[in-house]
Every structure is written in C-alpha cells, then in structure tokens.
Amino acid sequence: LMAQSSQSVEPPQKPGRFRCKWSSFSLGDVQQAAKSGDDDFLVLRPLVLLETNLDELTERLRRVIAALVPSLGTVASSKFLHFSAPTLFPMWDRAIRRARGHPDTVDGYLEYMRGFKDELMQECNLSRALAQYPSNAVRGWDIANMRAR
C-alpha cells in the first residue's frame, strides 16, 4: 500500500503509520476508507470493464475511488482497486496520467478508465491484451501498455 516511487519510503513515524512522498497514513485509515465504499464496491467488484456501462455507474465508481484517494492518492488507489476488482479497474501511474493528459483527480482516473475501455474495445488491442494475460483483458492491456513505454 505504499507509494510506488523511485524515492525511498521513510520509516514509520509512529507504529502503524507510513510516511510517503505525499502524505502520512495508517492502515486503519485505508481500512476505514475502504469500509465507507463497501456497499458500492460490492456491486462493482464482479463487473468486467468491457461489459460495463461506465456512464450508468459513474457516481458509484466516483464514491468508491473518492473514498480511497485522500489516504492513498490516485495511483495507489488505482492499484488497490485493480487488485481488489481486477476485471474492472485498470492501473495507472504518473507517467500514464501525464502522457494522456489526465488530471491527478478522481475524475481524471474515471476519464482514464473510459479511454482504457475504448482502447480495449478495438479488436487488435483486445487480442494483444489477451495474448499478454488470457484470463483478464484489463490486466493484459495494463501489461501491454507498460511494456510499450
């Protein structure tokens, strides 16, 4: 749950608290944030990005993401969500965000999800994604994009 950065993470300030480049948070903070989005997350967790109408779920998605961002930031939140619901949430990082011109916000990540889905809907991209990771096109497209950098 710590920030992925070339900078080292400082030792905990207090037991159970981590100091990252952008904030100090505890695992309890993350647990509380995750619990606040539980009802929405339970609906979202089984969904598959390619089969999901993101416009119909925008508010639910926004609530889940917004619950995590204050503690984790957008990058770590995307990774937490991806590993919690890997067929719905793609991962992003600072390089992707900057290259694609998205703001470092909840809505910026939602824009990225829409663009990611549009790219994955193209047959050639879907084939590349499934060649990388046959059981999950979202994970496969994440891998393909990372390797293309």
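Above this text sits the structure in question.
Keep in mind the model is a prediction, meaning the values are calculated, not measured.

### Details of the pattern of salt bridges
Under the criterion given, the structure shown has seven salt bridges. We note a salt bridge from arginine 114 to aspartate 55, for which the minimum N-O separation is 3.3 Å. Taken as a pair, arginine 114 in helix 5 (residues 106-121) and aspartate 55 in the loop between helix 2 (38-44) and helix 3 (58-84) lie far apart in primary sequence, 59 residues in all. For aspartate 55, a relative accessible area of 59% translates into the label exposed.

### A few points about the side chain of aspartate 40
Note that aspartate 40 resides in helix 2. Overall, the relative accessible area of 10% leaves aspartate 40 in the buried class. Dropping the residues within four chain positions of it, aspartate 40 is found in contact with Arg60, Arg63 and Val64.

### Concerning the packing of helix 5 against helix 7 (residues 137-148)
Where helix 5 meets helix 7, the axes come as close as 11 Å, and the angle between the chain directions of the two elements is 95 degrees. The orientation of helix 5 relative to helix 7 falls into the category roughly perpendicular. Along the contact surface, helix 5 presents Tyr112, Phe116, Glu119 and Leu120, while helix 7 presents Ala137, Val138, Trp141, Asp142 and Asn145. Residues belonging to the contact of helix 5 with helix 7 are distributed by class as follows: six nonpolar, one polar and two charged.

Scoring rules and cut-offs
Residues numbered from 1 in each chain as written. Predicted model: local features only at pLDDT ≥ 70, side-chain atom pairs only at ≥ 80, totals over all residues. Heavy atoms only, no water. Salt bridge = Lys/Arg side-chain N within 4 Å of Asp/Glu carboxyl O. Helix = DSSP H or I, 4+ residues; strand = E, 2+ residues; numbered from the N terminus. Buried < 20%, exposed > 50% of the residue type's maximum accessible area, 1.4 Å probe, protein only. Contact = heavy atoms within 4.5 Å. Axes fitted to C-alpha atoms, helices over the stretch in contact; angles between N-to-C directions. Parallel < 35°, antiparallel > 145°, perpendicular 65-115°, else oblique. Nonpolar A, V, L, I, M, F, W, Y, C, P; charged D, E, K, R; others polar.

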